[in-house]
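Secondary and tertiary structure notes
One-letter residues, chain by chain:
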Amino acid sequence: MNTQAQYATAKPTGSKLKIVAGIAAVVIVIGAIAADTKVVKIGSEHDMREQGFQPETYGAAEFPKVQTDVEKRAVDAVTLANAVLADKKAAGAKYGVATTTGPVLPVSLTGTFGERKANLNEFKVNGLPDGVTIRVQTGPAINGTDLRDATGKIEFGQFTNQIEYQDAGSAINNEMKKATLGSLDPEKLTGKTATVVGVFKLINPKNWLVTPVKVDVK
């Protein structure tokens, strides 16, 4: 009887030890996890890295910088047209930002919106040399990477891969549409006078496709 009583007493004591040991192990694991966890503020630089590339956020942050840079360097259209016709290479080097497919030039246009075709409007500027045709991208689709490449400060090495690099260009275009073209009806621009600031890639000196950063309709 005495031995059985001792055994009955010892058995629950062993169970309690196992429970205590289990709790201690859980506490140790939780402590280790907490020590290895970094608190990241939502919207911070680290948060963006954790989430991966966010095109919409990127476009909203970068377009104002592109806009400011282009406005600051924009060259009067007549001056620029005469320069590129006289010496395309020299004008590109003087006024533009080099890319693998040609320099991107900033320009300021004052004139009248002409005929609309697809996502473009012709733009007529008085005093241009004969034969120079200007078209402005007025949406809704905005094509190309001229805005991305306009400053020379956005480079491939800043991105994980080519897809992100292309997405960066699209994101800046999309933000431009909201900020610059959002209040305009492209179907009603024909015949209206305006001042447009934008960029174009210098491929054909007599054929400019301008992507705007600012449009002031009179």
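Just above, that's the structure.
So, here is what we can say about the structure in this document. (Residues numbered from 1 in each chain as written. Predicted model: local features only at pLDDT ≥ 70, side-chain atom pairs only at ≥ 80, totals over all residues. Heavy atoms only, no water.)

1. Section: the environment of Thr-211
Inspection of the secondary structure assignment puts Thr-211 in strand E6 (residues 207-217). Residues Thr-211 and Gly-139, 72 residues apart in the sequence, show an inter-C-alpha distance of 9.8 Å. Beyond its immediate chain neighbours, meaning those up to four positions away, Thr-211 contacts Gln-137, Ile-142, Asn-143, Asp-146, Leu-147, Met-176, Gly-198 and Val-199. At 2.9 Å, the side chain of Thr-211 and the side chain of Gln-137 are in polar contact. (Helix = DSSP H or I, 4+ residues; strand = E, 2+ residues; numbered from the N terminus. Contact = heavy atoms within 4.5 Å. Polar contact = N/O pair within 3.5 Å; in protein donor to acceptor, adjacent residues only side chain to side chain.)

2. Observations concerning helix H5 (residues 88-95)
Every buried residue belonging to H5 is among Ala-91, Gly-92 and Tyr-95, and all of these are buried. The buried residues of H5 all sit within an arc of 100° when viewed along its axis, so they share a single face. Structural note: H5 exposes Lys-89, Ala-93 and Lys-94 on the side pointing more than 90 degrees away from its buried face. The elements touched by buried residues of H5 are helix H3 (55-73), strand E1 (75-76), helix H4 (77-86) and strand E2 (104-117). (Buried < 20%, exposed > 50% of the residue type's maximum accessible area, 1.4 Å probe, protein only. Arc of directions from axis to C-beta.)

3. Re the layout of surface pockets
Size it by volume and the second largest pocket reaches roughly 180 Å³. By residue number, the principal contributor to the lining of the second largest pocket is helix H7 (residues 162-181), which donates three residues. Grouping the constituent residues of the lining of the second largest pocket by class yields four nonpolar, seven polar and four charged. (1 Å grid on protein atoms, 1.4 Å probe; cavity = no way out; pocket = protein on both sides within 12 Å on 5 of 7 lines; lining within 4 Å. Points joined across faces, edges and corners; volume = space filled by probe spheres on them. Nonpolar A, V, L, I, M, F, W, Y, C, P; charged D, E, K, R; others polar.)

These results come straight from atomic positions and should not be treated as a statement about function.
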